[in-house]
Amino acid sequence: MIASTAQQALHALPTSAADPGQPGGIAGFTVDMMEALGAPGAGLAVALENLFPPIPSEVILPLAGFTAAQGSMSLVGAIVWTTIGSVVGALTLYWIGALVGVERLRLIAERMPLLDAADVDKSVGWFDRHGEKAVFFGRMVPLVRSFVSIPAGVQRMNLLRFTLLTGLGSLIWNSVFIVAGYQLGRRWYLVENVTGPMQKVVVVVLASLIIWWVVRRVRARRARDAQSPEAHGSREPE
């Protein structure tokens, strides 16, 4: 039943949205997961989405909602399992960050251009002050929701608090998209018309911040080099 319903979802895609529904595409991958495992399959797809951000939850979740609307799985089951998947994926990244740790991160920073250990210390300080908000609200921002787990792990944020904040933020995000797919039915793919531009805005903002930081750091390095004694050709008096 799940297989036929999920295939209906793919056939409902218009020509302009054909890519997600192509065999091997994101929607096709999600269909395979739900076909094999049901609601836990949707959870597995979301767990992988946390580890590999190019797999968009904006496709997976509405498709799960559509499948629930057809009676192939319960709406509550889809929400619960995808939230479990979100937490599992986030915990995996958390432990990757924990394995790296602050000291190893400092060593890595010292070997990278434009970075030094002080940058790591500043980031640690910022996360100490705003980490809980970052983890909670980050679950509702494209791309950020995957990467925010790593600094949480690096600083060994309280695991119970991290899990609760991740679960709550993911529950809100997943519920919105699953219910949207549930309500839209065969037009579940229209959700991406809203989320697509939002994701592009996030990418542009993040890229702009990175460029601004790089330019600022390069200018600071040049100014510091220009003020150094070597830059002025200073030498010992004869």
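For the structure itself, consult the block above.
This write-up is about the structure you can find in this document. Computed from a predicted model, the values in this text were never measured in an experiment.

Rules used in this analysis
Counting restarts for each chain: residues are numbered from 1 in the order of the written sequence. Totals for whole chains, interfaces and linings use every residue, but because this is a predicted model, local features are given only for residues with pLDDT of at least 70 and side-chain atom pairs only at 80 or more, for both listing and counting. The basis for every side-chain value is the complete set of heavy atoms in the structure, and neither hydrogens nor water enter the calculation. The helix and strand labels rest on DSSP assignments: H or I over at least four residues marks a helix, E over at least two residues marks a strand, and numbering proceeds from the N terminus. Residue count minus one, scaled by 1.5 Å, sets the expected span of a helix. Three exposure classes are used, based on accessible area relative to the maximum for each residue type with a 1.4 Å probe and protein chains only: buried under 20%, partly exposed in between, and exposed over 50%. Pairs of N or O atoms are called polar contacts if they sit within 3.5 Å, as long as, within protein, a hydrogen donor faces a hydrogen acceptor (for residues adjacent in sequence, only side-chain-to-side-chain pairs). In this analysis, two residues are considered to be in contact whenever any of their non-hydrogen atoms come within 4.5 Å of each other.

## A word on helix H10 (residues 159-184)
And then number 1: Taking 1.5 Å per residue, 26 residues should reach 38 Å; H10 reaches 37 Å between its end C-alpha atoms and fits that length.
And then number 2: Among the residues making up H10, those that are buried are Phe162, Leu165, Thr166, Gly167, Gly169, Ser170, Trp173, Asn174, Ser175, Phe177, Ile178 and Gly181.
And then number 3: N-cap assignment for H10: the residue whose side-chain oxygen lies 3.1 Å from the backbone N of Leu160 is Asn158.
And then number 4: Within two residues after H10, Gly185 carries a phi angle of roughly 65 degrees, on the positive side.

## Here we look at the side chain of Asn174
And then number 1: Inspection of the secondary structure puts Asn174 in helix H10.
And then number 2: Judged by its relative accessible area of 1%, Asn174 falls in the buried class.
And then number 3: At 3.3 Å, the side chain of Asn174 forms a polar contact with the backbone oxygen of Thr82.
And then number 4: When residues no more than four places from it in sequence are discounted, the contact partners of Asn174 are Leu61, Thr82, Thr83 and Ser86.

## Thoughts on helix H5 (residues 57-69)
And then number 1: The end-to-end C-alpha separation of H5 is 18 Å, in line with the 18 Å expected for 13 residues at 1.5 Å each.
And then number 2: By the criterion of burial, H5 is predominantly enclosed, with twelve of the 13 residues buried.
And then number 3: Inspection of H5 places Ser57, Glu58, Val59, Ile60, Leu61, Pro62, Leu63, Ala64, Gly65, Phe66, Thr67 and Ala68 among the buried residues, and these make up the whole buried set.
And then number 4: Directly beyond the C-terminal end of H5, a positive phi value near 85 degrees is found at Gly71.

Just geometry here; none of it tells us what the structure is for.
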